[in-house]
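Structural description and commentary
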Amino acid sequence: MKRKLLAFVLTSVLVGTMLAGCSGNPPQSSSSSPTAAPTTASSESSSGSDTSAADGEDNIIRIGVVGSLTGGSAIYGQGAQNSVTMAAEEINASDSPIKVEIVNGGKVVDDAGDAKQAVNAYNSLEPEKPEAIVGAFFSSITIPMAELANEQGMLLLATGATNVKVTQIGPTIFRDNFIDPFQGEMAANFAKEIGATKAAIVYAKDDDYSNGLKDAFIESATKIGIEIVYTGECTTKDTDFTAQASKVVDSGADFLFYPAFLDTVPLIVQQVRDAGFDGPIMGGDGWDGADTSGLESYFENCYFTNHYSSEDTSPAVQAFVTKYTERYGADTLNACAALYYDAIYMLVEAAKRGGGTDTASLVKGMTGMSFSGVGTFTLDENRNAIKAVVINTYVDGKVKWLKTLEP
Amino acid sequence: MSLFIQSLVNGLNQGAIYALIALGYTMVYGIIRMINFAHGDFIMVGSYTLFYTIPLMIRAGMPAWMAVLFAVAVCTVVGILVEVIAYRPVRKAGSLTALITALAMSLFLENMAMVLFGPNPRSVPAIFKLPSLEFIGVKLQLKYIITFAIGLLMMISLTLFVRFTKLGKAMRAVPQDKQAATLMGIKVNNIITVTFGIGSALAAVAALLYCSTYPRVTLDMGSMMGLKAFIAAVLGGIGSLPGAMAGGLLVGLIEIFVKVYVAPGWYEAITYSLLIIVLIVRPSGILGKNIGEKV
């Protein structure tokens, strides 16, 4: 009897954690924001008053940075940390009248690549009284953070969150990257260009980015005459894709779209190829940095859209690539690093345009900004960056720039 | 039709991996009545060992799978250390304390791995370079057959070992009555340590087969795999070796078939519901016995 009881308790704990894991993300963020609201609201009024008092004199932008230092996409966070450090050092060593200070001792706050930790990461910056927050790379992490930032009137500059909802949350939410409807449309156009007629899609149901990009792709693809023959779900934690792979083959698709993050990319590519699918496999910017070691031949005929290419010959990109690789090597030189790098410079630009380093001036300066850094773009009325999409492919397992599509 | 058979093949392969992990769970539970939640993390340790040793094997001109010998050695040492350092001191404090200690060990191993190996997922080089057979539109990879055969072999040899060797007899005596076993001249602590050693060695073999199918090592791979294998072990009747095999295959098949024919997003919910139903209808599991020895 005792054992039965123990077994029952254990099972309910297990099931409980599983259910929380599956459906937890949206309620998680909404349930945690009311609890966070009272504390943040009170600290907001105090931080609001003393930052504006302090700011008249210091000309230093206090920036909080959030990124994924651990978890399946840790390579992005490492790139972000390096490029943020590099940008801050460059700005502070230059003769720019505006200086920056990365709060939390110059360290990126870790969101662990997990939407549930996003709010914690954001709140941990609160005592540091930042004037702007930079991050994050993932849409599902950025959305709960953006909700908090909107409540507090904090400037949040998203760096890679492509889901269309992110900047719709409030007027102080900006981003320095393109949005999924555009990325999905470019992917669909490219699919058409390489002769796809019947497309299969596998997407991670528990991720905002994956859902948004899937919808965008389906909408554009059907419009230009690509038939969607199979839409399969997976989760961001899955390792087994053999079921989806066998369905892809069975559906007779000649093109596979997999909008998800780098850590599962080698798994699905291998399993889909092993199941006998030889057609093109394409993904979004989440593929950047995917590990192809040992799977070089599997990655032939694979493509992904991205924010920038390190092979881009423009002087700004090459200057960044050279500086970065000299200091940190090429392993973590990904789009995430470039986006965080630009974000720090954008805030400096915003302070110059807005005439101050407090949050309100930064928001004012950021609105409608045209920026030229690693990426060159203008922020539209929805605070999204209008910028080019790069299409990459793989040669011998190495990412190879294929073309750049201007908006 | 070919989709059905293909799913059967995929399901059996995934099930065989779960079964191998479940064997380790059930083995330890059968001897000391303790659910070792850190077992999944032994697989993580084994997989990282493989990640680092396979390139060495290849450079030395040996087949990649020989790296499993290192993994077995490392896992056995880790398993025994965990038992001696963490579990033995709390053994008299009751099963709940042991369970919580196991959860703590699981977190400890994951975080220690993060310090030692870094947070990035790693890709394990190909272990078996084998072709795949194709018949009536179904692809059957030879490595699947190897996985299945090793799972079966492990189960049979463990069952024989426990049933017919002197050590096995001692292992069966310990859970029946520790004091009586001590009086019969069995060194209970040693038997438990040996059990952990064997359980951890099994984890290393499971790691090899896991990595041959899913060549990716992450810090948290153990917790997910461990959960599934735990369910497999309970489904089959925890403490029963053939039960672990049956439970593992069942969980693997259910997952794949739900993904293919029902709704891919539901596979975990259905697996866990099944666990609840089995616990209500038949708490001892499919092949478990309510009374008598469990090994």
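Description of the structure in this document. (Residues numbered from 1 in each chain as written. Chains lettered and ligands numbered in written order. Predicted model: local features only at pLDDT ≥ 70, side-chain atom pairs only at ≥ 80, totals over all residues.)

1. Notes on the overall build of chain A
Short version of the rule: To qualify as a helix, a DSSP run of H or I must reach at least 4 residues; to qualify as a strand, a run of E must reach at least 2; elements of each kind are numbered from the N terminus. We call a residue exposed when 12 or fewer other C-beta atoms sit within 10 Å of its C-beta, buried when the count reaches 20 or more, and partly exposed for counts in between; the C-beta positions come from the backbone. Residues are scored as being in contact if the C-beta atoms we place from backbone atoms lie within 7 Å.
A count of helical and extended segments in chain A gives 13 helices and 16 strands. Each of the 407 residues in chain A was classed as buried or not, and the buried ones make up 56%. Excluding contacts between residues fewer than 6 apart, the proportion of contacts in chain A whose partners are at least 24 apart in sequence is 69%.

2. Description of the pairing of strand 8 (residues 227-234) of chain A
To keep things clear, this is the line we draw: Whether two strands pair comes down to DSSP finding at least two bridges between them.
Where strand 7 (residues 198-204) of chain A meets strand 8 of chain A, 7 bridges bridge the pair, whose relative direction is parallel. Residue pairing across strands places alanine 200 of chain A opposite tyrosine 230 of chain A, the latter belonging to strand 8 of chain A.

3. Observations concerning helix 7 (residues 180-193) of chain A
Residues and elements named next belong to chain A. How we decide: A helix's residues, less one, multiplied by 1.5 Å, set its expected span.
Taking 1.5 Å of rise per residue, the 14 residues of helix 7 would be expected to cover 20 Å, and the 19 Å separating its terminal C-alpha atoms lies within 8% of that figure. Burial within helix 7 is extensive, with 10 of its 14 residues counted as buried. Within two residues after helix 7, glycine 195 carries a phi angle of roughly 90°, on the positive side.

4. What to know about the interface of chain B and chain A
Note the cut-off: Under the scheme applied here, ten amino acids are nonpolar (Ala, Val, Leu, Ile, Met, Phe, Trp, Tyr, Cys and Pro), four are charged (Asp, Glu, Lys and Arg), and all others, including Gly, are polar.
Across the contact, 32 residues belong to chain B and 36 residues belong to chain A. Those elements giving two or more residues to the side of chain B that touches chain A turn out to be helix 1 (2-32), strand 3 (138-141), helix 9 (221-236), helix 10 (241-261) and helix 11 (267-281) of chain B. Residue composition of the side of chain B that touches chain A, by class: 18 nonpolar, 10 polar and 4 charged.

5. Regarding the nonpolar core
Short version of the rule: Each nonpolar core comprises buried Ala, Val, Leu, Ile, Met, Phe, Trp, Tyr and Cys residues, the members being joined through C-beta atoms within 7 Å. For the purposes of this description, domain bounds are those given by an automatic or database domain assignment.
Membership of the largest hydrophobic core comes to 218 residues, with the highest contact counts inside it found for Ile344 and Leu347 of chain A together with Leu20, Leu23 and Ala206 of chain B. Broken down by element, this core gets its largest block of residues, 16 residues, from helix 1 of chain B. For this core, the domains that each give at least three residues are domain 1 (55-178 + 315-388) and domain 2 (181-306) of chain A.

6. What about the sheet that holds strand 16 (residues 398-405) of chain A?
Strand pairing in a sheet is mediated by backbone hydrogen bonds. Such pairs are either parallel or antiparallel. Residues and elements named next belong to chain A. Stated precisely, the cut-off is as follows: Axis lines are fitted to C-alpha atoms, over the contacting stretch for helices. Their N-to-C directions set the angle, which ranges from 0 to 180 degrees.
Reading across the sheet, the 7 strands line up as 8-7-9-10-11-15-16 and stay open at both edges, with mixed pairing between neighbours. Strands at the two margins of the open sheet, each flanked by one partner only, are strand 8 and strand 16. Averaged over all pairs of adjacent strands, the angle between their axes in this sheet comes to 25°, without regard to strand direction.

7. Observations concerning the sheet that holds strand 13 (residues 376-379) of chain A
Residues and elements named next belong to chain A. With antiparallel pairing, the 3 strands of this open sheet are ordered in space as 12-13-14. A single partner strand is all that each edge strand has here, and the edge strands are strand 12 (370-372) and strand 14 (385-386). Summarising the sheet, strand 12 and strand 13 pair through 3 bridges and their orientation is antiparallel. Paired with serine 370 across the bridge in strand 13 is threonine 378.

8. Section: the packing of helix 5 (residues 142-164) of chain B against helix 8 (residues 188-213) of chain B
Residue and element names in this part refer to chain B. Under the convention used in this document: Roughly parallel covers angles under 35 degrees, roughly antiparallel covers those over 145, roughly perpendicular covers 65 to 115, and oblique covers all other angles. Two helices that cross are described as forming a left-handed crossing if the nearer one is turned anticlockwise from the farther one by less than a right angle, and a right-handed crossing if clockwise.
In the contact formed by helix 5 and helix 8, the axes pass within 10 Å of each other and the chain directions differ by 165°. On the basis of their axis angle, the class for helix 5 and helix 8 is roughly antiparallel. With respect to the hand of their crossing, helix 5 and helix 8 are arranged in left-handed fashion. Residues Lys143, Thr147, Ile150 and Met154 of helix 5 form the contact with helix 8, whose own contacting residues are Leu202, Val205, Leu209, Ser212 and Thr213. In terms of residue class, the contact of helix 5 with helix 8 is made up of 5 nonpolar, 3 polar and 1 charged.

9. A word on helix 13 (residues 359-366) of chain A
Residues and elements named next belong to chain A. Most of helix 13 is tucked away: 6 of the 8 residues are buried. Looking only at helix 13, the buried set comprises Thr359, Ser361, Leu362, Val363, Gly365 and Met366. Looking at the buried residues of helix 13, the elements they touch are strand 4 (132-134), strand 5 (155-158), strand 6 (173-175), helix 12 (335-354) and strand 13. At the C-terminal side of helix 13, glycine 368 shows a positive phi close to 70°.

Shape is all these values report; function is a separate question.
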